[in-house]
Amino acid sequence: MKVSVGSQPELKPWITLTPDVGFIQAGDQLRVSVTLKPTPDMGSRLDRHLVPDTQGVYEVPLQVTVPGQTLPVPFKLRFQPTTTDLYLNPSTLGFGRVPMLESAGAYLSITNPSLLPQTLSFGAKLPMGLQLDPNDGYGVVLPGETLQLLARYQPPILGLQYFRLHCRTLAGRMFQIKGKCEGLQLDVTLSHNIIKVGQSAWLVT
């Protein structure tokens, strides 16, 4: 038996059915893969399929047709698209003026506005002198959650220095954070190499 699975033409930019035509033997099954690729303009073009009193839930009609069968078999695809954004605050990590061989810290907050958990990473190699805690910046941010990281920076060179951090997610997104610091050399000079103290009795200063 030949079976066709189809959707309305307006749905083709976002919904793909694979295969859309198949053959079923008696007593057998046909598995169809439904791929959904939401885009920012989908909401305005599919607003008539928005389910009332829901937070962005869509319900679109699909159907199965069989040659020789008068009426197709309707069914619905229900989905709720969400963003893959992350909100990083602040946009620039400022560590101020830091003496060489010492370090300064700054907090970085990462908020997930999505309805899905998001896995993030700052890569295996951070800028020289920078450390992220916990877990070197690798982690999972739950929906609506804010993850706070502590960035520590020890300037590797003197003077003003600028660097960039790249936060990547499994959804293929990349977010950039800037950083700046000024490395200082605190020179200490002594007026004498030897300090001579005259004779004095015990317990007398």
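Below is a summary of the structure that appears in this document. In this text, all values refer to a predicted model and were calculated from it rather than measured experimentally.

What counts and what doesn't
Residues numbered from 1 in each chain as written. Predicted model: local features only at pLDDT ≥ 70, side-chain atom pairs only at ≥ 80, totals over all residues. Heavy atoms only, no water. Core = buried A, V, L, I, M, F, W, Y, C linked by side-chain atoms within 4.5 Å. Buried < 20%, exposed > 50% of the residue type's maximum accessible area, 1.4 Å probe, protein only. Helix = DSSP H or I, 4+ residues; strand = E, 2+ residues; numbered from the N terminus. Pairing = 2+ DSSP bridges. Axes fitted to C-alpha atoms, helices over the stretch in contact; angles between N-to-C directions. Phe/Tyr/Trp six-rings, centres within 6.5 Å; stacked < 30°, edge-to-face > 60°. Salt bridge = Lys/Arg side-chain N within 4 Å of Asp/Glu carboxyl O.

Brief notes about the nonpolar core
One finds Leu88, Leu93, Phe95, Ile110 and Phe122 to be the most contacted residues of the largest nonpolar core, which totals 24 residues. Those elements giving two or more residues to this core turn out to be strand E8 (92-99), strand E9 (104-111), strand E11 (130-133), strand E13 (146-153), strand E14 (159-169) and strand E15 (174-184). Examining the composition of this core, we find that four residues originate from one element, E9, more than from any other.

Details of the sheet that holds strand E7 (residues 87-89)
Spatially, four strands are ordered E7-E9-E13-E11 in an open sheet, and the strand pairing comes out antiparallel. One side of each edge strand has no neighbouring strand; the edge strands of this open sheet are E7 and E11. Ignoring which end each strand starts from, the neighbouring axes of this sheet average 25° apart. As paired strands, E9 and E13 are joined by eight bridges and run antiparallel to one another. The residue of E13 that forms the bridge with Tyr107 is Leu150.

What about the packing of aromatic side chains?
All chains considered together, the criterion is met by four aromatic pairs. Residues Tyr58 and Phe79 carry aromatic rings whose centres are separated by 5.6 Å and whose planes lie at 15° to one another, so their mutual orientation is stacked. Linking Tyr58 in strand E5 (residues 58-65) with Phe79 in strand E6 (residues 73-79), this pair joins segments that are 21 residues apart in sequence. As far as the burial class goes, Tyr58 and Phe79 line up, both buried. With centroids separated by 4.8 Å and ring planes inclined at 25°, the aromatic side chains of Tyr153 and Phe163 adopt a geometry described as stacked. Placement of the pair is Tyr153 in strand E13 and Phe163 in strand E14, with a sequence separation of ten residues. Take Tyr153 and Phe163: they sit in the same class, and that class is buried.

Quick look at the pattern of salt bridges
Tallying each qualifying case throughout the model produces six salt bridges. Asp41 is the salt-bridge partner of Arg45, the closest N and O atoms lying 3.4 Å from each other. Classification of Arg45 by relative accessible area gives partly exposed; the value is 47%. Taking the relative accessible area as the measure of exposure, Asp41 reaches 34% and is therefore partly exposed. One continuous salt-bridge network, built from bridges that share partners, spans Glu59, Lys76 and Arg78.

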